[in-house]
Amino acid sequence: MKKILITGGAGFIGSHVVRRFVNNYPDVQIYNLDALTYAGNLENIRDIENAPNYVFVKGNITDTAFVDSLFSEHDFEGVINLAAESHVDRSITDPLIFVKTNVIGTMNLLNAAKDSWKGNYEGKRFYHVSTDEVYGTLGKEGLFTETTPYSPNSPYSASKAASDHFVRAYGETYGLPYIITNCSNNYGPYHFPEKLIPLFINNIINNKPLPVYGDGRYTRDWLFVEDHAAAIDLVYHNGKNHETYNIGGFNEWQNIDLVKLLCTKMDEKLGRESGESEKLITYVKDRPGHDLRYAIDASKINKELGWEPSVTFEQGLEKTIDWYLQNEEWLNSVTSGAYKEYYQKQYQ
Ligand code: NAD
Ligand code: DAU
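These remarks concern the structure in this document.

Scoring rules and cut-offs
Residues numbered from 1 in each chain as written. Chains lettered and ligands numbered in written order. Predicted model: local features only at pLDDT ≥ 70, side-chain atom pairs only at ≥ 80, totals over all residues. Heavy atoms only, no water. Near = heavy atom within 4 Å. Polar contact = N/O pair within 3.5 Å; in protein donor to acceptor, adjacent residues only side chain to side chain. Helix = DSSP H or I, 4+ residues; strand = E, 2+ residues; numbered from the N terminus. Contact = heavy atoms within 4.5 Å. Salt bridge = Lys/Arg side-chain N within 4 Å of Asp/Glu carboxyl O. Buried < 20%, exposed > 50% of the residue type's maximum accessible area, 1.4 Å probe, protein only. Phe/Tyr/Trp six-rings, centres within 6.5 Å; stacked < 30°, edge-to-face > 60°. Lys NZ or Arg CZ within 6 Å of the ring centre and 35° of its normal.

1. Examining the site of ligand 2
Close to ligand 2 lie 25 residues, the nearest being Thr 131, Asp 132, Tyr 156, Arg 287 and Tyr 347. Within the backbone of Ser 86, one N or O atom sits 2.7 Å away from an oxygen atom of ligand 2. Elements supplying a minimum of two residues to the shell around ligand 2: helix H3 (88-93), helix H6 (196-205) and strand E8 (210-213). When residues in the shell around ligand 2 are grouped by element, the largest group, three residues, is from E8.

As structure tokens, this is what we get:
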């Protein structure tokens, strides 16, 4: 049986990718390597844990000996690397862990893949999942394309940019067959409630303040997570080696407008009076180095591979809110313990 290694498969996006690959490719053994940090949760993939083509491996991509031994035990035809520290605010308070996981961890995977494939790259693929944040910030106009120069502004995006550069360099220097995708902001089920949409859903449910950074006029391009997983599937199977593809939602929102929409929808769902949740909006100190605007030109992946988002933002947000309201147990379990300390420190 062919084997694919997916890293970070117990996290938000990774869990959707693992589920999709396990269900769509029963003849391929899917290995999910995850360290189960605060962001990793086996509940996210409970539904597929007994599938015959699924194997969970608990391990850390920063552990060189461990990663090497995994690759010497298994002949992986491909690697899809999603394991990362992913939250910008945490990268501002503790940058070093971002370098360790996102840069050193990716290096370990690159070296292990290179050494195990030994230059025989037929049918092999190293797929690195990256972010649009590597491009830095846009002004009011324009879109990020695959040729936009890298200009990261946060320790998180700098670490992702560094890892992208190493992946590309391994392609140039050793001929490693790689693909990189740079995606915009995802939202959907299993999103950890430190990020804007799930944090605000949780706070609205609990009648807690909604901490909008700065004036709220920052813009993000939102994509439903299952559409990102579908894009990763398509690119893994049909993309061209040594290429990068931008993935985005064609869906820009200023934070404050998005938050107001969320409040309206939540009032309806919770049977609250119209305007009640909006009263929770509280403007707080801005994020240092806050990027003004991200927006993706996804025409390359659309033209070359035929990908486009399958749901509108309206549909995706509806599905997301319903999921959180129906999965209160999940929400309560991930917001207990260490989350409370994080919240206290971040929002004082
Ligand atoms: P996440 O934080 O929800 O999940 C990360 C996962 O990686 C967790 O399961 C965690 O346990 C695991 N992990 C962390 N450090 C590890 C280590 N050292 N060894 C093994 N596993 C480790 O992240 P996410 O939002 O799902 O993002 C996944 C990937 O997609 C990241 O590379 C991120 O940069 C990228 N990305 C995210 C978004 C987004 O909007 N969330 C957008 C574009 C790109
Ligand atoms: O663009 C892709 C990136 O999107 C991914 O690479 C990152 O992993 C992912 O976390 C996300 O980064 P952002 O910083 O854009 O996402 P976040 O949800 O943290 O913030 C979205 C916007 O909302 C941003 O402008 C900051 C703002 N914000 C966020 C939080 C958590 C607030 O105003 N208040 C908050 O409490």
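Anyway, onward from the coordinates.
2. Section: the environment of Leu 176
Structurally, Leu 176 can be placed in the loop between helix H5 (155-174) and strand E6 (178-183). Measuring from C-alpha to C-alpha, the distance between Leu 176 and Asp 132 comes to 23 Å, with 44 residues separating the pair along the chain. If sequence neighbours within four positions are ignored, Leu 176 has contacts with Leu 110, Lys 114, Trp 117, Tyr 121, Phe 126, Tyr 170, Gly 171 and His 242.

3. Details of the pattern of salt bridges
As enumerated under the stated definition, the model contains 16 salt bridges in all. Among the salt bridges present, the one from Arg 217 reaches Asp 257, with a minimum N-O distance of 4.0 Å. Separated by 40 residues along the polypeptide, Arg 217 in the loop between E8 and strand E9 (219-224) and Asp 257 in helix H8 (residues 255-270) bring together distant segments of the chain. Take Arg 217: its relative accessible area is 40%, and that puts it in the partly exposed class. The class of Asp 257 is partly exposed, set by a relative accessible area of 35%. Sharing partners across several salt bridges, the network here consists of Glu 43, Arg 46 and Glu 49.

4. A closer look at the packing of aromatic side chains
Throughout the structure, instances matching the rule amount to 24 aromatic pairs. Pairing Phe 21 with Tyr 236 gives two aromatic rings, centres 6.0 Å apart and planes at 75 degrees, and the pair type is edge-to-face. Of this pair, Phe 21 sits in helix H1 (residues 12-24) while Tyr 236 sits in helix H7 (residues 225-238), and the two are 215 residues apart along the sequence. Residue Phe 21 is classed as buried on the basis of its relative accessible area, which comes to 0%. What makes Tyr 236 buried here is its relative accessible area of 5%. Judged by centre distance (6.0 Å) and plane angle (80 degrees), the rings of Tyr 190 and Trp 330 are edge-to-face. Taken as a pair, Tyr 190 in the loop between strand E7 (185-187) and H6 and Trp 330 in helix H11 (residues 328-334) lie far apart in primary sequence, 140 residues in all. Here Tyr 190 and Trp 330 have matching classes, each one buried. Here a set of aromatic residues connected by ring pairs shows up, and it is made of Tyr 38, Phe 192, Tyr 213, Tyr 339, Tyr 343 and Tyr 347. Here the guanidinium or amino end of Lys 114 rests over the ring plane of Tyr 174, the centre of that ring lying 4.6 Å away. The lysine or arginine in question, Lys 300, covers the ring of Tyr 245, its NZ or CZ lying 4.7 Å from the ring centre.

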